[in-house]
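# Coordinates in review
Residue strings, one per chain:
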Amino acid sequence: MFGAGGGTNSYQEVEETDTVVLWGSNARETHPIFFHHVLKAVHRGAKAYVVDPRRTATAEWADGWLGLDVGADIALANAVGHVILEHGWENRRFIAGATENFAAYRQLVLRYPPEEVGPRIGVEPGLIRRLARDYACADRAMICWTLGVTEHHNAVDNVFALINLALLTGQVGRWGAGLNPLRGQNNVQGGGDMGALPHKLPGFQDVEDATIRARFEQAWGRPIPPRNGWHLTQMFEAMGRGELTSLYVIGENPAQSEADATHSNHLITGLAHLVVQDIFLTRTAELAHVVLPASASWCESEGTVTNSERRVQRCRKALDPPGAARDDVAILCEMSRRLGFDFGVLSAQQAWDELRTLSPMHRGMSYARLEQRGGIQWPCPDEQHPGTPFLHGRLWQEPLAGPRAGFHPTEHVEPVDVLDADFPLRLTTGRRLESFNTGVQTSGYTTPLRRGETVDLSPADMAALGLRDGELVRVRSRRGVVQAPVRRDAGLKPGLVFMTFHFPDQAATNTLTIDATDPKSGTAEFKASAVRIEKITAAG
């Protein structure tokens, strides 16, 4: 929590333009296609800001880099809000007409002056003020974030802090202005749309709503459990309690992707029955009792894919799956038949057409329209509807259509894994341009960009520890230890360590990470672990 106070800086002139804020996103490496669009905006005169503990390749293109301490996102967002209110840059008409709980938010952020917050979180107060001005006073402004915001024990509160800024300034519900969570993997959006969430049916409809559930039960001919299911973290907790003894894993590699991997693997290997359906023999598949070889959806299956802007597009089959591999839909249909409910022979289009009868936001998206228009953005309620290029436009209607958007005042809290004399360094994890996740899809080919796992340190920490580039070191946390060569990175501040999880066979980084999870989303705090670096002597 931060105290009272306030700055006196003022800006006589404000130049209106477009502003893009990449918050916790190294988009140049992790979303390179999207980043090309950001660069087009920059070349047209838009201002870009990067909020990231590391001075990444993305930050090199920014008008301002705010290198906050890991876990300080809420403090920074609240300080930005403080400056906006201090200068009267808030959109009062929008706040009055479309929001609620503003008074509580105002009272909170007035305790976060940048001159007090900045030194505590490693950001120059003047940069906080610049960001606040260029965001609030832009014609159009967009905040984009990724796992740098959401892989924390307070992930949902981090996102609320960013949403608060959009509501404060009215930078939402308009063309080119809004909030954009960049998805971490292809078709993650589509998976959520289809109901791959423990509390939602397809179309983001609540499982616990009896009226909604009845429509699906009538269509499917089977009762649906009336309570929300477990998310991934709760599933691992249930394994620990012995309540979950069988697991069906489709296209995931939790044996190497979960935090505190030693504990996670202990739970996975203790299952009575593990089924894995995948296109690769992953480490999780190696542990399975049954492996079902599936098809590569981008070229061996028919169907749809949904991108980060909610655009549903068609995928077309070009090749038959090799060997004994089968289409995912065919596998699921056969699995259902053997479990006592026969779908019959079901095509991807038949499944999609059924979805359209049950999900109002997909109703107008026939295969023919998707192909004709090159994709459609949901919601699309009927076949005359063109799709929806941006969301939340209703917030600008007078009188307001639907409920008000609420401010969610959120306080800064420190990461769970505390730094101390034994573990004085902060490890954060992320991705590189040439590799993906646990390396399953990328480690099988060579590229001159790939250098294997490294322990990236600041020049100051390299000197303090007496280390040279390429020297093998141990990285130890309260949960495990790995070895990897050290690498000097001038983009890191003293006290910060960076590693990826692309090379788990070389260095299982997730044995170091903490499984402290956000109670609202179940996301583990991959981005903030306490570690120490141990120099390996000739004697070992």
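Here goes a summary of the coordinates provided. (Residues numbered from 1 in each chain as written. Predicted model: local features only at pLDDT ≥ 70, side-chain atom pairs only at ≥ 80, totals over all residues. Heavy atoms only, no water.)

Moving on to the pattern of salt bridges. Pairing of side chains with opposite charge becomes possible as their charged atoms draw close. Inspection of the entire model under this criterion finds 35 salt bridges. We note a salt bridge from K527 to E151, for which the minimum N-O separation is 3.7 Å. Taken together, the residues span a long stretch of sequence, with K527 in the loop between β20 (496-500) and β21 (529-535) and E151 in the loop between α8 (147-150) and α9 (155-169) at a distance of 376 residues. Each of the two residues, K527 as well as E151, counts as buried. Between R338 and E334 there is a salt bridge, with the nearest N and O atoms lying 2.8 Å from each other. Taken as a pair, R338 and E334 lie in helix α16 (residues 328-338) at a separation of four residues, close to a single helical turn. What makes R338 exposed here is its relative accessible area of 66%. Taking the relative accessible area as the measure of exposure, E334 reaches 19% and is therefore buried. Bridged by salt links that share partners, the residues D417, D420, R478 and R479 form one connected network. (Salt bridge = Lys/Arg side-chain N within 4 Å of Asp/Glu carboxyl O. Helix = DSSP H or I, 4+ residues; strand = E, 2+ residues; numbered from the N terminus. Buried < 20%, exposed > 50% of the residue type's maximum accessible area, 1.4 Å probe, protein only.)

Attention shifts here to the environment of R394. By secondary structure assignment, the location of R394 is in the loop between β14 (376-377) and β15 (405-406). Of the residues examined, R394 reaches a relative accessible area of 29% and is grouped as partly exposed. Separated by 173 residues in sequence, R394 and G221 place their C-alpha atoms 36 Å apart. Setting aside chain neighbours within four positions, we find R394 in contact with L400, A401, G402 and P403. A polar side-chain atom of R394 sits 2.8 Å from the main-chain carbonyl oxygen of P403. (Contact = heavy atoms within 4.5 Å. Polar contact = N/O pair within 3.5 Å; in protein donor to acceptor, adjacent residues only side chain to side chain.)

With that out of the way, let us pick up the nonpolar core. W23, L66, L76, I84 and L165 are the most contacted members of the largest nonpolar core, which has 51 residues in total. If one sorts the elements of this core by residue count, helix α3 (residues 73-86) sits on top with nine residues. Residue contacts for L165: discarding those within four places in its chain leaves W23, A77, V80, G81, I84, Y105, Y135 and I143. Core analysis: the next-biggest nonpolar cluster, separate from the first, contains 17 residues, L427, L457, V473 and L512 among them. (Core = buried A, V, L, I, M, F, W, Y, C linked by side-chain atoms within 4.5 Å.)

Once that is clear, we can look at empty space enclosed by the protein. Throughout the structure, instances matching the rule amount to four cavities of 30 Å³ or more. In this structure, the largest cavity spans a volume of roughly 350 Å³. Only α8 and β16 (425-430) provide two or more residues apiece to the lining of the largest cavity. Per-element accounting of the lining of the largest cavity gives the leading share, three residues, to β16. (1 Å grid on protein atoms, 1.4 Å probe; cavity = no way out; pocket = protein on both sides within 12 Å on 5 of 7 lines; lining within 4 Å. Points joined across faces, edges and corners; volume = space filled by probe spheres on them.)

This paragraph deals with the sheet that holds strand β5 (residues 140-145). The strand order across the open sheet built from five strands is β3-β2-β1-β5-β6, with neighbouring strands paired in parallel fashion. Of all the strands in the sheet, just β3 (64-66) and β6 (178-181) have a single pairing partner and so form its edges. Taken pair by pair, the neighbouring strands of this sheet meet at an average axis angle of 15 degrees, ignoring direction. Each of β1 (18-23), β2 (47-51), β5 and β6 is contacted by helix α2 (residues 32-43), which is oriented at about 145 degrees to β1, the strand it contacts most. Relative to the sheet, α9 contacts β1, β5 and β6, its axis offset from that of β5 by approximately 175 degrees. (Pairing = 2+ DSSP bridges. Axes fitted to C-alpha atoms, helices over the stretch in contact; angles between N-to-C directions.)

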